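Residue-level listing of the chains:
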Amino acid sequence: MKKSIKNILTVLSILTFSISFAQNIDGVVKINENTPLEAANIVVKGTTSNTTSDHNGKFSIDTKGKLPLTLLIQYVGYKTTEIELTDLPTSPLQVSLKEENELIEVVVSSRRRIEKVQDVPIAISVITGKQAEQTGAFNVNRIKELVPSVQLYSSNPRNTGINIRSLGSPFGLTNDGIDPGVGFYVDGVYYARPAATTLDFIDVEQIEVLRGPQGSLFGKNTTSGAFNITTRKPSFTTGADFEVSYGNYNFLQAKASVTGALSSKIAGRISFSGTQRDGLIDNVATGRPTNTLNNQGIRGQLLFTPSENTNIILAADITTQRPDGYAQVVAGVAPTQRAAYRQFDAIIKDLNYQLPSRNAFDRKIDHDTPWRSGQDMGGISLNIDTKIGSGTLTSTTAWRFWNWDPSNDRDFTGLQVLAKSQNPTRQTQFTQEVRYAGQLTSKISGVVGAFFIDQTSQTNGTEESGNAQWRFAQSTTSALWKTPGLFEGYGIKTDANIRSSSAAVFGQIDWAITERFHVLPGVRYNFDKKDAHYARTTYGGLQTTDPALLALKKLVYSDQAFDSSTDNTDFSGNLTLTYKASDKINAYATYAKSYKPVGVNVAGLPTDAKGQPLLDLAVIKPEKVNHYEIGIKTSPFKNSIFNLAFFNTDIKDFQTNVQAAELGVNRGYLANADKVRVRGAELDASFVFSQHFTLNAAATYTDGKYVKFTNAPLPLEETGAPVAFKDVSGTELPGASKWAGSLGGELSNNAKFFGNKGKVFLALDSYARSEFSSSPSASKYLVVPGYAIFNARLGFRAADGLSIHFWGRNLLNKDYYEQLLPAGGNTGQYAGVIGDQRTYGVTLKYSL
């Protein structure tokens, strides 16, 4: 990968070359509106042309380049100002600089228009691309440390769930038959696969995290919230950024982005990101570490401006992941209610086996099945924005794919229990969204749109027993279980596919009753259709006609096939009232009726006493959501933000994922809990105390419970009980911590580095969460203890030229779990997804 990174950086460097000729631009630099600023640095971005302002703040610069261009106006202690020029100014430019640590009035596009985030009546957190880079947040799993309302659980890319306020995706193994409740959008394109959240960000401009239902603003229905990610767009002014990070465990990350004009109406941008790292867990069986990082991604964009009212962007991207990774470590053994000979410790004793360590944080495994988590994801999109009247008509057309090539060791041991466990998947999607947003009358603005998605997913899986399967599967004392070769090589081939289509019309208006009081109603009508096919066929093992032996084999794996088809329509909506008491206080109240579409099981079903699949579980009811929220956004004093939100979400027919005790149910199966309730409060705060000291904080309290769930699966320790289900009404939802929060701050001062003016800084940040259940039915063994981690950065940054900082993550080397999960077959052992130990390194960035 190092060679490929070097080659790509070389190509991107060559692309920065441009031909130039002389032009002069005059201007005046001021601070505090009218005070001239002497010695401000004025640079033509992407060139060596620069000058400084005189004692009257005046400057004249030889651009040495074609228009359009971008001027950078810099002065230590003040925010760098960028001015894009497409024509030579007819009069001197008037430039006013603001203090660097003045709180930036962030603008967002979540309501399909550009507006200040403090004016938006939605609970929303915004992470700029620069903030994400500085904190090392190169994927969503790192973003959750900055936005504690976000939870991401991933035992591998396919088995990834992203939640907001503890809702969105069922906790556990992913099932393709349902839709995520958290929307994930990049430049307006909906990404249907949760695996997208495990890949590196590429050239991100801004990340908006919206909390609560957003069905009247976004194409795909989102019951819990949405990630609205925008990347940096092509510019007609030549520019480039190069960044390289080095760290322990041979961590290497390289990023590069180059942009510029290709003609008077066409601009381009090409961006690259690559990450690699050695493994953090030692496999004593293979003699090499596992859980490596090996990610590469590239994104290209072309911007065409046929007129001043129309922008057309053609974008294409592809990302790959080839780690030796995502191995889980045995975290403990739970005694079950099965007979003594069926307990995990009795089983491994009979097989003369011992775990390499009983302490998960020794980070040792002896897995004999290779871990492979290869994935490719990419696509192409065409976005057209054209101004019509007082609004903008937008069309976003996209095609995307996701290829998943895994291999897992689902027994988490060095025994050949499951010799193979792999479910490679191919998924494609086509989406089309058209919407119009703008000012409809003098008092009414809004957005109206239509959305369509068609996606297919095909899985051809294999699960195969090894020579130790007989002892783990043994359910009677019959000596026939020991028949040589009975289960060795015995397995199932799975053919599972699903096609789902969804179409919707949606809209929301903002009616200004008065200048300060607004009413915002929104509506959505949705149609969803899903067709699924599932078939598994047994193969291998001892070839015999003995009915007793065949019966034992069927206890482990049996043939199963079913088809299901379902469709559903839904009308939903929301109503928000917002009152701006003053320029510093904005309050809102929201009611939303939302839903998550009907689901289908496509990973096998539990069977009855006769071995027949329980077909009534094939189709999963849609979720019905009623959401209430009140919030207040304030700026109590200059350069400060203090926001509060209180919410209550009730869900009928909550879609949950449960782990079956049967090996043949490859990925668990989906079920409905009668009713779920999540309520809580959130705080977001940012303070700029001076140009040298900033502080930010976020906290969330979440109370998530099953109000009624009478047919829940048994928790791990109750496996083998005489009943098949358990009433877990009143217990906590999986993945829901009562408390979570982040706290960070930065000290900085003016400095020079290799002649560059900038800031030397020390930044600290922390993330903490309380304990949470890691099982659909609360198990005392599958509770993840609360934890806190601390990170720090020390370095120098400049808007142009060279920046450098040293960083450390999990500085106190805290041992913590991100998730706990039982082994296939629920034999008692359970494994943990372990958080990274202490890591540290250095990052260098050069901007032109």
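Up top is the structure these notes are about.
Residues numbered from 1 in each chain as written. Predicted model: local features only at pLDDT ≥ 70, side-chain atom pairs only at ≥ 80, totals over all residues. Heavy atoms only, no water.

(A) Structural view of the nonpolar core. The biggest cluster of nonpolar side chains holds 28 residues, and the ones touching the most others in it are Ile143, Phe184, Ile207 and Phe227. Listing elements by their share of this core, those giving two or more residues are helix H3 (140–143), strand E12 (150–154), strand E13 (160–164), strand E14 (182–186), strand E16 (204–211), strand E17 (225–231) and strand E28 (391–407). Ignoring anything within four residues of it in the chain, the contact list for Ile207 reads Ser125, Val126, Ile127, Ile143, Phe201, Phe227, Asn228 and Ile229. (Core = buried A, V, L, I, M, F, W, Y, C linked by side-chain atoms within 4.5 Å. Buried < 20%, exposed > 50% of the residue type's maximum accessible area, 1.4 Å probe, protein only. Helix = DSSP H or I, 4+ residues; strand = E, 2+ residues; numbered from the N terminus. Contact = heavy atoms within 4.5 Å.)

(B) Representation of the environment of Thr259 within the structure. Here Thr259 shows up in strand E19 (residues 251–261). For Thr259 and Leu72, which are 187 residues apart along the polypeptide, the C-alpha to C-alpha distance reads 16 Å. In this structure, Thr259 is in contact with Lys233, Pro234, Ser235, Thr237, Thr238, Gly239, Gly268 and Arg269, ignoring residues within four places of it in sequence. Separated by 2.8 Å, the side chain of Thr259 and the backbone oxygen of Gly268 make a polar contact. (Polar contact = N/O pair within 3.5 Å; in protein donor to acceptor, adjacent residues only side chain to side chain.)

(C) Spatial organisation of the packing of aromatic side chains. Taken as a whole and judged by the stated rule, the model has 22 aromatic pairs. A centroid spacing of 5.6 Å and a plane angle of 25 degrees characterise the contact between Trp481 and Phe487, whose relative ring orientation is stacked. By relative accessible area, Trp481 is classed as buried at 1%. A relative accessible area of 2% means that Phe487 is categorised as buried. In textbook terms, an aromatic cluster arises when at least three aromatic residues are bridged by ring pairs, as seen for Tyr185, Tyr190, Phe218 and Phe451. Of note, Arg165 hangs over the ring of Phe647, and the distance from its end group to the ring centre comes to 4.1 Å. Residue placement shows Arg797 over the ring face of Phe761; its charged tip is 4.6 Å from the ring centre. (Phe/Tyr/Trp six-rings, centres within 6.5 Å; stacked < 30°, edge-to-face > 60°. Lys NZ or Arg CZ within 6 Å of the ring centre and 35° of its normal.)

(D) Molecular detail of the sheet that holds strand E22 (residues 288–290). Here we have three strands laid out as an open sheet, ordered E22-E21-E26, and mixed in their pairing. Every other strand in the sheet has two partners, leaving E22 and strand E26 (364–365) as the edge strands with one partner each. Summarising the sheet, strand E21 (residues 281–283) and E26 pair through two bridges and their orientation is parallel. In the sheet register, Asn283 faces E26, and the bridge partner there is Ile365. (Pairing = 2+ DSSP bridges.)

(E) Layout of helix H6 (residues 547–556). Taken residue by residue, H6 has Leu549, Leu552, Lys553 and Val556 as its buried positions. Down the axis of H6, the buried side of the element spans an arc of 100 degrees, and every buried residue falls inside it. Residues of H6 that are exposed and point more than 90 degrees away from the buried face comprise Pro547, Lys554 and Leu555. At its buried positions, H6 is contacted by strand E31 (444–465) and helix H5 (469–473). N-capping of H6 is provided by Asp546, with a side-chain oxygen placed 2.9 Å from the backbone N of Ala548. (Arc of directions from axis to C-beta.)

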